Amino acid sequence: MKTPSKKAYAVTWIVLVILHFTILGSAYLKLGWANTPLIVALAFVQTGLVLFYFMEIRYSTKVVRVFAAAGFFWLAIQFTLTMSDYLMRQWH
Amino acid sequence: MTKGNPLMPDESSIVAEQFDDAAQQHETARLGMWTFLATEILFFGGLFLAYDVYRHFYFADFAAASRHTDLVFGTVNSIIILTSSFTMALAVHAAKENYHRSIVRWLLATIALGTAFLVVKGFEYHKDITDHLVPGPAFNPAIPLHGQIFFWLYWTMTGLHAVHLSIGIGILSLLAGPARKGKFCSRYHTPLELAGLYWHFVDIIWLFLYPLLYLIQRHA
């Protein structure tokens, strides 16, 4: 199985740290409602980097990728169904 | 492949009888680990969902409470845990490249960084307690009422995260011995890789805890 090089790990780490300070900095921008979506989106980018390189999803077989996606998929269902209830309760 | 070389075990000594070969056994172990991690995602997911619902209802209180978290401790710990994921990846990489001494070195670095995270968290918890951020009768009166829900989630989520990190440190410590004896190599490093997956998962949880707990309306 192909694996990432040491350099790929180092670049991933540096990008993760840069993204971290981008998240911290963006929290101080006055973006109104857009603050949270921006910060969470950047956290997802970080997660993607950890998944793809550190956890080697990029180099994994399809079945491993499906198993890895399954947890996030069910979590998305849980969030969508729960929040579609709570968000709509205020629509009187 | 030289038989009898302890650093390079031959296939029959590492493959259990139900598997065709080492590759199939390795793939099965990875699938099992990802299945476990899916349950962990849903386990923490329930708490993130509770956070989401309460934050939706009591946003102003959550924002006011969030500003009482210590951003310096939180940020330092983020850098520590991101770096620990890097050293963990290097430990697994060293095994794949047969750099036996590097495996132990990177494992010890990861254990040290994990421990440093817990020490920093300990100092942070101490400050949180003296600042009266524990929900209950002595809760800081400067924070609005539902800020208590925020801090209930803060203690539960960071506490469970710390428990997971402690377990990770324990697992890596158990692997350091076999690693020193040269048990892991390019042909056999499954325990190391699975421990790595767990370690990176704990890192990912923190990647969401940090912005959601420390960074609500910091600009206000």
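From a predicted model like this one, the values you see are computed outputs, not experimental measurements.

**Q** Teacher, can you tell me more about the overall build of chain A here?
**A** Helix and strand content of chain A: 3 helices and 0 strands. Counting helices and strands in the order they occur from the N terminus, chain A gives α-α-α. Taking 2.2 N^0.38 as the reference for a compact globule, 92 residues should give roughly 12 Å; the C-alpha atoms of chain A span a radius of gyration of 17 Å, well beyond that estimate. Dimensions of chain A, computed from the C-alpha atoms along their principal axes, are close to 55 × 35 × 10 Å. Looking at the 92 residues of chain A, the share that counts as buried comes to 22%. Taking contacts inside chain A between residues at least 6 apart in sequence as the whole, the part at least 24 apart equals 53%.

**Q** For this particular structure, what's the right way to read the overall build of chain B?
**A** In terms of helices and strands, chain B carries 7 helices and 0 strands. When the helices and strands of chain B are listed from N to C terminus, the series reads α-α-α-α-α-α-α. Its C-alpha atoms give chain B principal-axis dimensions of roughly 70 × 30 × 30 Å. Buried residues in chain B amount to 40% of all 220 residues.

**Q** Please clarify how the interface of chain A and chain B should be interpreted in this entry.
**A** Interface extent is often summarised as the accessible area lost during association of the parts. Chain A puts 36 residues into the contact, and the matching count from chain B is 35 residues. Of all elements in the fold, only helix H1 (6-26), helix H2 (35-54) and helix H3 (62-88) of chain A reach the threshold of two or more residues within the side of chain A that touches chain B. Counting residues per element, the side of chain A that touches chain B draws most heavily on H3(A), which supplies 14 residues. Here the residues of the side of chain A that touches chain B are counted per class, giving 26 nonpolar, 8 polar and 2 charged.

**Q** I keep staring at unusual backbone geometry and nothing clicks. Help me out?
**A** Outside of glycine, negative phi angles account for most residues, and trans bonds account for most peptide bonds. At B:Asn98, a position not held by glycine, the phi torsion is positive, near 65°. Tracing the backbone shows B:Asn98 in the loop between helix H4 (71-96) and helix H5 (100-130).

**Q** What should I look at first to understand the domain arrangement of chain A in this one?
**A** According to the domain assignment, chain A consists of domain 1 (1-60) and domain 2 (61-92). With centres defined by C-alpha atoms, the gap from domain 1 of chain A to domain 2 of chain A works out at 21 Å.

**Q** What's the story with the environment of A:Met83 in this structure? I'm lost.
**A** Relative to the elements of secondary structure, A:Met83 occurs in helix H3. With 53 residues separating them along the chain, A:Met83 and A:Lys30 place their C-alpha atoms 26 Å apart.

**Q** Looking at this structure, I do not really get the confidence of the model for chain B. What am I missing?
**A** When pLDDT is low, close inspection of the predicted coordinates is not appropriate. Of all residues in chain B, 95% attain a pLDDT of 70 or more, and the chain-wide mean is 92. Reported for the predicted complex are a pTM of 0.92 and an ipTM of 0.93.

**Q** What am I meant to see in the nonpolar core here?
**A** In a soluble, globular protein the nonpolar side chains are often hidden away together inside. Counting 74 residues, the largest nonpolar core has B:Ala91, B:Ala95, B:Ile103 and B:Leu107 as its most contacted members. Secondary structure elements with two or more residues in this core: H1 and H2 of chain A together with helix H2 (22-57), helix H3 (59-66), H4, H5, helix H6 (147-180) and helix H7 (190-214) of chain B. Ranked by residue count, the leading element in this core is H7(B), at 17 residues. Setting aside its immediate chain neighbours within four residues, B:Ala95 contacts B:Ile103, B:Phe184, B:Cys185, B:His189 and B:Leu192.

**Q** Where do I start with H2(A) in this structure?
**A** Each turn of an α-helix holds 3.6 residues, which means side chains three or four residues apart point in the same direction. The first and last C-alpha atoms of H2(A) sit 28 Å apart over 20 residues, in line with the 28 Å expected at 1.5 Å per residue. Every buried residue belonging to H2(A) is among A:Asn35, A:Ile39, A:Ala43, A:Gln46, A:Val50, A:Leu51, A:Tyr53 and A:Phe54, and all of these are buried. Along its buried surface, H2(A) packs onto H1 and H3 of chain A together with H4 and H7 of chain B. Count one or two residues on from H2(A) and you reach A:Glu56, which has phi positive near 60°.

**Q** For this particular structure, what's the right way to read the environment of B:Ala179?
**A** Residue and element names in this part refer to chain B. On the secondary structure map, Ala-179 appears in helix H6. For Ala-179 and Ala-94, which are 85 residues apart along the polypeptide, the C-alpha to C-alpha distance reads 11 Å. Residue contacts for Ala-179: discarding those within four places in its chain leaves Ile-103, Val-104, Leu-107 and Phe-184.

**Q** Please explain H1(A) as it appears in this structure.
**A** In a regular helix each residue adds 1.5 Å, so 21 residues correspond to 30 Å; H1(A) covers 30 Å between its end C-alpha atoms and thus fits that length. Among all positions in H1(A), only A:Tyr9, A:Thr12, A:Trp13, A:Leu16, A:His20 and A:Ile23 are buried. Down the axis of H1(A), the sector holding all buried residues measures 100°, keeping them to one side. The exposed residues of H1(A) that point more than 90 degrees off its buried face are A:Lys7, A:Ile14, A:Ile18, A:Phe21 and A:Gly25. Elements that come into contact with the buried residues of H1(A) comprise H2 of chain A together with H4 and H7 of chain B.

**Q** What exactly am I supposed to notice about the environment of A:Lys30 here?
**A** Residues and elements named next belong to chain A. Locating Lys-30 in the fold gives a position in the loop between H1 and H2. Note on Lys-30: 9 C-beta atoms within 10 Å, which makes it exposed. Sequence-wise, Lys-30 and Leu-49 are 19 residues apart; in three dimensions their C-alpha atoms are separated by 27 Å.

Conventions we followed
- Counting from 1, residues in each chain are numbered in the order their sequence is written.
- Ligands are numbered from 1 and chains lettered from A, in the order in which they are written.
- In view of the model being predicted, local features appear only for residues whose pLDDT reaches at least 70, and side-chain atom pairs are presented and counted only at 80 or more, with totals across whole chains, interfaces and linings using the full set of residues.
- The numbering of helices and of strands both runs from the N terminus, where a helix is a DSSP run of H or I of at least 4 residues and a strand a run of E of at least 2.
- C-alpha atoms define the radius of gyration in this analysis, and the globule rule sets the expected value at 2.2 Å times the number of residues to the power 0.38.
- Neighbour density around each residue's C-beta defines its exposure: 20 or more other C-beta atoms within 10 Å make it buried, 12 or fewer make it exposed, and counts between make it partly exposed, where C-beta atoms are placed from the backbone.
- A pair of residues counts as a contact when their C-beta atoms, built from backbone coordinates, are separated by no more than 7 Å.
- Three classes are used, and their members are as follows: Ala, Val, Leu, Ile, Met, Phe, Trp, Tyr, Cys and Pro are nonpolar, Asp, Glu, Lys and Arg are charged, and the others, Gly among them, are polar.
- Domain boundaries shown here were taken from an automatic or database domain assignment.
- Each residue carries a pLDDT value, the predictor's own confidence for that position, ranging from 0 to 100.
- The term nonpolar core refers to a group of buried residues, namely Ala, Val, Leu, Ile, Met, Phe, Trp, Tyr and Cys, whose C-beta atoms join them within 7 Å.
- In a helix, the anticipated span is given by 1.5 Å times the number of residues less one.
- The arc under discussion is defined with respect to the helix axis, by the directions toward the C-beta atoms.

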